[in-house]
Every structure is written in C-alpha cells, then in structure tokens.
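# Coordinate analysis (summary)
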Amino acid sequence: MTVYPALRPRASAVCFHKEGAPTTTTDYRSQHAIGAAWKALYENGLPDGGFGLRPGGEFRPDSTAWAIIAMAAGFGEDKVAPACGRLCQAQQADGRVPLFPSHPDVVWPTALAAIAWALARERTKELARACDFLVAHSERRTAVDPSGPVSHAQAARGWPWVLNSYSWVFPTGSALLALNLAGHSGHVRASEAVDVLLERQLRGGGWNYGNAESFGQALRPFPDTTGLALSALAGHATAAAVARSLDYLEGEACRVRTPWTLGWALLGLSSWDKRPQSADDWIDKSLDRQQRLGSYDTNALAVLLTASAARRGLRGRAPEGRP
Amino acid sequence: MTPHDNPKARRSGGSSRRGVLGVVGAGLGIGGLGGWYHLGPNESGQRAIVCVAKAARYDAALSDVIARGLRELGVSDAEVRGKSVLLKPNLVEPFRGHAHINTHPLVVRAAAEVFLRLGAARVLVGEGPGHRMDTLLVLEESGLADVLHEDRIPFHDLNSDSLWTMPNKGRLTTLSTLSFPAVLHGVDLIVSLPKMKTHHWTGVTLSMKNMFGVMPGEVYGWPKNVLHYENIFRSILDICATLPPQLAIVDGIVGMDGDGPIMGDPKAAGVIVMGRNAPAVDATCCRIMGIDPARIGYLAYASGRLGTIRESNIRQVGEAIAALRTDFRLLDVIPAHRGLRLRKN
C-alpha cells in the first residue's frame, strides 16, 4: 500500500484574480444580465448561509461550494463567511464533505469545498482537513482487461467520484485544483493527478469523462471536463503538452452556450491566458437562453459567474522547478 | 465503457449457476447472494405480448404507430387516465451529426402525444446522461430541447434530484440499497424509451440497460462507475428488479451497430418495438438484430425472474420478426460480441 506524505501547513497559495466583474462588460445590457444572474444566485441561498441547487431546495454542499467560489471571484462577500460556515457543518471528522450525510462514500464534493475555502481565504482548519482527506484517499483499482474498451495504463492514482471505485477526470481535476489552491501543488498526489490527467488526454486534444479510446478508436472530448482539466493543469503542464486541448477548447467556446460548459471552457482558456475577447458576449447569450431552457441551477450559474469574474481563471502557485 | 470486473464481487459468487448460464453467465458470476434470484427461474407462468411495428422514417406518423401498438398491448385509456407518465429516453452522450447515438426526439414527442391523448395527467421526460455532466447541453445537442420547448413537456435531470432510496430487491450486487431520483417516486408509469444498439460491455443496450440512466450520476458517478464496478450485468438486474419500467418503446428506426453504445455506426432497422415486459421486448429486439437473447447474460438471467425471453412465451403482434430481421454488425475484437449471432432457421 502506498503511504503518501502528510501535508504540511502552508501559507495560502491562492492567486485569484478578482476583476470586479460587471465593470468590464461592454454595455448596459450585459451589466443588467449579470446583475440579474447574481440576484438569481442569491435567491438560492438559505437562511443558514448555505445554498440549495434550486430555489426552495435543501442545503447542498456542492451548491454551497460553487456559490462561494463565484462570490469569492465576484460579488457577495458579505455572504461568503456564512456560506463557508454552513459548509463546515457538512464536513465529517476525517475531513470528507459528502454530498449527503446518508451517503458518506459520495465524497466528490470534498474537493469543491476545499476550493471554496481556499478561494474565500476562510476556514483554514477545515481546508487543511479536507486536503488531508484528499491526499489520503484515492481510487480503488481493478485489473483492466487488455481486451476491453478501457485504454488506461494506470500508472498513477487519481480520484473517484465515490470511494472504492475508479478515478475519472472531474474528481481528479477538481482534487488537483484544490491542492493547487491550498498551496500543495508540489505534493506527490498532485504530481500523480497531473500524470493521470495527461494520460487521459485524448489524442486529438481535450478530455471526456476519462477514457481516451475504445477498441482503438479515439473517443470524443467534452468542453466542460476539458476546461476543468486545463484549469487544474495550469502551472503543472507545458503549453506544448496541452496545445491540442487548448485548440479544441477555443473552437468549442465559440459554439457552446450552456452555462456549465461555457463557464468551464472560459475558465480553462483563461487559466492559460487565452480568454476569448467575446467571452462577455457569450456569457450574456448564455444567460439569455434561460428564457428557453428555464432558470439555471446554482451550480451552473455559479460556474458561469465565476468565469465572468475570474479573468485569469482559477490558478494556484506553481511549485518550485515547475513551469 | 468502464472497468466493471470487480474481482471481489466475482469472488463472492459461486459457480453453480454459471454452468446453467454457460458462456453468457460468466460475466455475471451469480450465486451465494440474497434477494429473490436465488430461488431460480420459473418460466411456467411467464407470458408476454410484444408488438413490432414498422416505421421506416422519423417523419412518419409515429404517434399513430405507437398508439396502435399500445392498443395491441391492451393499454387502455382507463389505465393511463389521470396518471403521471415518465418517459426515459437514452441520451448517453450526444454528438453533432450522430443522431443514432440517442433516442430520436421525434420518438419522444410521439410517445408524449400518445400518453396525453390517452388522458395522462402529465407526461414528463427524465434522463441522467451517463457520460456528460451538462444535461442542458445534452438536451440542446440531441435536439430534444427543441421538442420539449415546442411541446411544453417538462424535463427532469435525473442526475441531480433529491434521492429516493429503496432496498435493493435483486441483491446481485453488494449494494443493500439503491438511490433513485425522487421524481420517480411521484410517477405512476415509467416508460423505458431506449435506442436499439449494440453495446461493447453488455452485447446490446435496450429497455433494461436503458434503466441505468435513471441512476443519479451525483451518487454513482459519471459514467455510472459504481454500478459498472459492481458488475454491469448484476447492476442492470438489480435496477430492473427494484424499479422495473411498466412499458418499453424501443426506437429501432435507426439504431446503432458495431462499437456501441457511442462509437458504432447507424443501422436502419425500421421498427418500433413495444411491450409491457422489458426482458421480452429486449429479446424480441435481439431477434430483429440477429442476436441470440439467450447469450446476453442479463437477459438470460432475467428470464423466468423478471419476465421471459423465450420465443414460445412471447406472443408476437404486429410485424413478423423473420421478415424484419436485419443483422446488426458484431465485432470480433469486442469480447462481449463474440458468439452472439442468432442462427437462421
């Protein structure tokens, strides 16, 4: 069994670039749309400081974490501390933050909580416990049948959605992002996460849920997981190593208008100083689409608002000796 | 598309029933588990009706085709009037220009029209896409968003709902409970609306495998890895034992063969297959696809337990299978495809 080094307390390594979102939007219409989106986000807040997924919904740690991330990037600073406090109540003694108390193995929100606490510069003890949990837990591997449709070499360990299962791009990318933002980007688990993500990168660029090939055919990338992976790899990988993924994402960002995917596409590109000039217009168009698609939920709206405000993406400090 | 061979789960199973299942049961590793499966199959009381209807194109009058089919199955106004109906299409992973991956939006529209015409109090569509987290994008790219918007049909993202947890009635997996989206608790009829496809883990994906999509991704992951990890065959059986669909309507107008469920090729079968019993519907689809249902592990095991796959137990109405059979391409490179071809009479 691999024993991973424990984390040492670090000074905050957050390098989060707040821009005061609406001041950079191009016209009154955009400012109005962004303002309405913030209002809609706050309406999903609960009296105890937490957030639900939808208006009137119950507290959810993932929604609360997303709301904190957006507010830390943009507005609502007065709401950040109560939300962080409510999120702490969802944390268990070993540091995990399960999605529901009834499902303690569903631990993927732990990384989101750590990202939220790190960006908000709040709750350092809880942040440290969450990171301790992250580095102490990894996927559970099984022997991959070489004649099956999974192409992983499995040289390194990533993170699963749910304990005792396999690793995938979103939980691995979000755990790496959490370690980056908490100042642990040099930890061996961060290095392993980098290896896992680079291994799962598709030949033609981009990432999907986490499998690159099926019986010799390259699978298709998704813009949202590509944006997350690029956000997490910023400061770890060279531009050459992810060049095709950046090209892919630049093409997709022009096209996609759903809030979750557009938000992640913009965050991924911004993390590599490739924020498109039309980003604000696209965000505006995405918000307009609520007339057709219905009101966006907290998580999607928060990712879009984070992308609106975090013009250099979600970055942590690069470890020494890394690009 | 995920590792599903959990060695521990396999070890927990005995080998006594593997012999019964033969080659197809090897992936199942059944035995030594709780639940009702250990009682063994009983085919004596199993009878089912399956309707096969021709439908060459998506711009045909599909609602008439489905309405006629439901009448043949004995689905009456009284059975539907005032009820809540959830349609569960297969929207695993849309991709532009690849309509053969997902249940066609016009089949969803037609089914919704039929149930509303039969007097349903409400018809809603629900899906928890297996690969993609952005369900809105899935709706947009599959073309279903247009249909839902135009017809004002509500949609529920089954990946992120509050939970309704039930004891696992199958207990073939190690999961003692299964957590479903709470919206399923509030509906009267669940209609599985799959695409007719080959599948590189399970041989085929039809109305039973389609029920994977009701399991919330936020609890089971994207892909639904916990269920794959437990063993995909066992998971299909557990889900369908615990929450069986009351009806199945299979979009076989254009299906997928080869490396399904995502990377395969379009395959026109020109049919819609309907029935109340999911194993019987899936077995009939297999026969149309030129696949022996008795060699699909979970179907073989479901027969006599969740329904029947035996041709002699299924009353076929509508078109004759023999006239419609069109062999779906199976790939030697895919272990799950080997030995599935149905012999021609």
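Note that the coordinates shown come from a computational prediction; the quantities given were computed from them, not determined experimentally.

Another aspect to go through is the overall build of chain B. Scanning chain B from terminus to terminus reveals 13 helices and 12 strands. Each of the 345 residues in chain B was classed as buried or not, and the buried ones make up 66%. For chain B, the share of sequence-separated contacts (at least 6 apart) that also reach a separation of at least 24 residues comes to 76%. When the accessible surface of chain B is split by element, carbon and sulfur atoms take 51% of a total near 11600 Å².

With that settled, the discussion passes to the overall build of chain A. Looking only at helices and strands, chain A features 13 helices and two strands. Each of the 323 residues in chain A was classed as buried or not, and the buried ones make up 63%. Working note: accessible area of chain A is about 11900 Å², and carbon and sulfur atoms make up 51% of it.

A separate point is the packing of helix H6 (residues 135-142) of chain B against helix H7 (residues 144-151) of chain B. Residue and element names in this part refer to chain B. With their axes 4 Å apart at the nearest point, H6 and H7 run at an angle of 90° to one another. When the interaxial angle is binned, H6 and H7 end up roughly perpendicular. Here H6 contributes Leu 139, Glu 140 and Ser 142 to the contact with H7, which in turn contributes Leu 144, Ala 145 and Leu 148. Considered class by class, the residues forming the contact of H6 with H7 number four nonpolar, one polar and one charged.

Let us look at the pairing of strand S7 (residues 189-193) of chain B. Residue and element names in this part refer to chain B. Within S7, five of the five residues are buried, which leaves it mostly tucked inside the rest of the structure. Residues Leu 189, Val 191 and Leu 193 point to one face of S7 and Ile 190 and Ser 192 to the other, with burial holding for every one of them. Looking at chain direction, strand S2 (residues 84-89) and S7 are connected through five bridges and run parallel. Among the inter-strand pairings, Lys 88 is bridged to a residue of S7, identified as Ser 192. Bridge count for S7 against strand S10 (residues 247-257) is two bridges, and the pairing is parallel. Paired with Ser 192 across the bridge in S10 is Ala 248.

Counting residues at the interface gives 44 residues for chain B and 45 residues for chain A. Taken over both partners, the interface formed by chain B and chain A buries close to 3900 Å², and the fraction arising from carbon and sulfur atoms is 60%. Along the contact surface separating chain B from chain A lie six salt bridges. A salt bridge links Glu 252 of chain A to Arg 96 of chain B, with the nearest nitrogen and oxygen atoms 3.7 Å apart.

In this section: helix H11 (residues 279-288) of chain A. Counting buried residues in H11 of chain A gives seven out of 10 residues, a clear majority hidden from the surface. Along H11 of chain A, the residues that are buried comprise Ala 279, Asp 280, Trp 282, Ile 283, Asp 284, Ser 286 and Leu 287 of chain A.

It is worth spelling out empty space enclosed by the protein at this point. With the rule as written, the count across this model stands at seven cavities of 30 Å³ or more. Its volume calculated, the largest cavity comes out at about 240 Å³. Surrounding the largest cavity, 20 residues form its lining, Asn 90, Val 92, Gly 130, Lys 209 and Phe 212 of chain B being those nearest its centre. Of the residues contributing to the lining of the largest cavity, the split by class is six nonpolar, nine polar and five charged. Secondary structure elements with two or more residues in the lining of the second largest cavity: helix H4 (109-120), helix H5 (124-136) and helix H6 (169-181) of chain A. When residues in the lining of the second largest cavity are grouped by element, the largest group, three residues, is from H6 of chain A. The class makeup of the residues in the lining of the second largest cavity is 10 nonpolar, three polar and no charged.

Moving on to the nonpolar core. Ranked by internal contacts, the top residues of the largest apolar core, which has 217 residues, are Trp 264 of chain A together with Leu 87, Phe 115, Phe 180, Met 196, Met 208 and Val 273 of chain B. Take this core: its biggest share by element is 10 residues, from H4 of chain A. Each residue touching Leu 87 of chain B, except ones within four places of it in the same chain, is listed here: Val 108, Ala 111, Ala 112, Phe 115, Val 123, Leu 124, Val 125, Gly 126, Val 191 and Leu 193 of chain B.

Glancing now at helix H5 (residues 105-117) of chain B. Residue and element names in this part refer to chain B. Over its 13 residues, H5 runs 18 Å from end to end, which matches the ideal 18 Å to within 8%, given 1.5 Å per residue. Restricting attention to buried positions, one finds in H5 the residues Pro 105, Val 107, Val 108, Arg 109, Ala 110, Ala 111, Ala 112, Val 114 and Phe 115. Once H5 ends, the next one or two residues include Gly 119, with phi positive near 100°.

The omega angle of the peptide bond from Trp 222 of chain B to Pro 223 of chain B is -5°, so this bond is cis rather than trans. Looking at the secondary structure, you find Pro 223 of chain B in the loop between helix H8 (217-220) and helix H9 (225-230). Backbone geometry places Phe 215 of chain A, a non-glycine residue, at a positive phi of 50°. Tracing the sequence through the fold places Phe 215 of chain A in the loop between strand S1 (213-214) and strand S2 (217-218). Positive phi outside glycine occurs at Asn 231 of chain B, with the angle close to 110°. Within the secondary structure, Asn 231 of chain B sits in the loop between H9 and helix H10 (232-242).

The calculated volume of the largest pocket comes to roughly 900 Å³. For the lining of the largest pocket, the elements supplying multiple residues, two or more each, are helix H2 (61-73), helix H10 (259-271), helix H12 (290-293) and helix H13 (298-309) of chain A together with H6, H7 and strand S4 (155-157) of chain B. A per-class count over the lining of the largest pocket returns 20 nonpolar, nine polar and 10 charged.

Now for the side chain of Thr 103 of chain B. All names here are of chain B. Tracing the sequence through the fold places Thr 103 in the loop between S2 and H5. Within the structure, Thr 103 has its side chain in polar contact with the backbone nitrogen of Asn 90 (distance 2.9 Å). Look past the residues within four positions of Thr 103 in its chain and what remains in contact with it is Pro 89, Asn 90, Leu 91, Val 108, Leu 193, Pro 194, Lys 195 and Asp 251.

The final tally for this structure, using the stated rule, is 34 salt bridges over all chains. Glu 141 of chain B is paired through a salt bridge with Arg 255 of chain A; the nearest N and O atoms lie 2.8 Å apart. Of this pair, Glu 141 of chain B sits in helix H6 while Arg 255 of chain A sits in the loop between helix H9 (243-253) and H10, placing the two residues on different chains. A relative accessible area of 18% places Glu 141 of chain B in the buried class.

With the rule as written, the count across this model stands at zero disulfides over all chains. With no disulfide of its own, Cys 84 of chain A has Cys 88 of chain A as its nearest cysteine by sulfur position, at a separation of 6.9 Å. A relative accessible area of 0% means that Cys 84 of chain A is categorised as buried. Take Cys 286 of chain B: it sits in no disulfide, and the sulfur closest to it among the cysteines is that of Cys 285 of chain B, at 7.1 Å. The exposure class of Cys 286 of chain B is buried, given its relative accessible area of 0%.

All names here are of chain A. Tracing the backbone shows Trp 272 in the loop between H10 and H11. The buried category is assigned to Trp 272, whose relative accessible area is 15%. Counting along the chain gives 42 residues from Trp 272 to Leu 230, while the straight-line C-alpha distance between them is 7.8 Å. If near-sequence neighbours (up to four positions away) are discounted, Trp 272 is found in contact with Leu 230, Leu 233, Ala 234, Ala 237, Thr 238, Ala 239, Val 242, Leu 246 and Arg 315.

The rules behind each value
- Residues numbered from 1 in each chain as written.
- Chains lettered and ligands numbered in written order.
- Predicted model: local features only at pLDDT ≥ 70, side-chain atom pairs only at ≥ 80, totals over all residues.
- Heavy atoms only, no water.
- Helix = DSSP H or I, 4+ residues; strand = E, 2+ residues; numbered from the N terminus.
- Buried < 20%, exposed > 50% of the residue type's maximum accessible area, 1.4 Å probe, protein only.
- Contact = heavy atoms within 4.5 Å.
- Areas by Shrake-Rupley, 256 points an atom, 1.4 Å probe, with all protein chains shown as cover.
- Axes fitted to C-alpha atoms, helices over the stretch in contact; angles between N-to-C directions.
- Parallel < 35°, antiparallel > 145°, perpendicular 65-115°, else oblique.
- Nonpolar A, V, L, I, M, F, W, Y, C, P; charged D, E, K, R; others polar.
- Pairing = 2+ DSSP bridges.
- Buried area = accessible area lost by both parts, 1.4 Å probe.
- Salt bridge = Lys/Arg side-chain N within 4 Å of Asp/Glu carboxyl O.
- 1 Å grid on protein atoms, 1.4 Å probe; cavity = no way out; pocket = protein on both sides within 12 Å on 5 of 7 lines; lining within 4 Å.
- Points joined across faces, edges and corners; volume = space filled by probe spheres on them.
- Core = buried A, V, L, I, M, F, W, Y, C linked by side-chain atoms within 4.5 Å.
- Expected span 1.5 Å × (residues − 1).
- Polar contact = N/O pair within 3.5 Å; in protein donor to acceptor, adjacent residues only side chain to side chain.
- Disulfide = S-S within 2.5 Å.

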